[in-house]
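# Reading the structure
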Amino acid sequence: MRRKPFSERKRQEALNEYHILDTLPEKDFDDITRIASEICRTPISLITLIDGKRQWFKSRHGLNVVETPREHSFCAKAIER
């Protein structure tokens, strides 16, 4: 099976269309990260969105920072493959 060519530009455009970056916390997302930590028995769980320069955490459980540089992101490496 052939993979579709990756388009970072299209991915960024789609992300921007959602208007979700830098929004306030939401209970539904926070419930997901809390439950994920409980199920997986991990101290930290995140819902991460990657823009051009950073990974921003829409929801976070067990971590106090709201974003980190993109180059520190495992998620950014995954979407680039």
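Going by the structure above, here's the rest.
To start, this report covers the structure provided alongside it.

## Description of the sheet that holds strand S1 (residues 45-50)
An order of S1-S2-S3 is seen for the three strands of this open sheet, with the pairing classed as antiparallel. Since the sheet does not close on itself, it has two edges, and those belong to S1 and strand S3 (67-69), each with one partner. Sheet twist, expressed as the mean angle between neighbouring strand axes with direction ignored, is 30 degrees. Here strand S2 (residues 54-61) runs beside S3; their pairing, made up of three bridges, is antiparallel. If you follow Trp56 over to S3, its bridge partner there is Glu67. Packed on one face of the sheet, helix H2 (residues 27-40) meets S1 and S2 and runs near 75 degrees to S2.

## What about the pattern of salt bridges?
What the rule picks out here adds up to 10 salt bridges. Of the charged contacts, one joins Arg70 and Glu8 as a salt bridge, the two residues approaching to 3.0 Å between their closest N and O atoms. Residue Arg70 is found in the loop between S3 and helix H3 (74-80), and its partner Glu8 is found in helix H1 (residues 8-17); the two are separated by 62 residues along the sequence. Exposure remark for Arg70: the relative accessible area of 12% places this residue in the buried category. Note on Glu8: relative accessible area 23%, which makes it partly exposed. When the shortest N-O distance is used, the salt bridge between Arg54 and Asp51 registers 2.7 Å. Classification of Arg54 by relative accessible area gives buried; the value is 11%. One salt-bridge network, in which partners are shared between bridges, spans Asp22, Asp51, Arg54 and Glu67.

Each value, and the rule that gives it
Residues numbered from 1 in each chain as written. Predicted model: local features only at pLDDT ≥ 70, side-chain atom pairs only at ≥ 80, totals over all residues. Heavy atoms only, no water. Pairing = 2+ DSSP bridges. Helix = DSSP H or I, 4+ residues; strand = E, 2+ residues; numbered from the N terminus. Axes fitted to C-alpha atoms, helices over the stretch in contact; angles between N-to-C directions. Contact = heavy atoms within 4.5 Å. Salt bridge = Lys/Arg side-chain N within 4 Å of Asp/Glu carboxyl O. Buried < 20%, exposed > 50% of the residue type's maximum accessible area, 1.4 Å probe, protein only.

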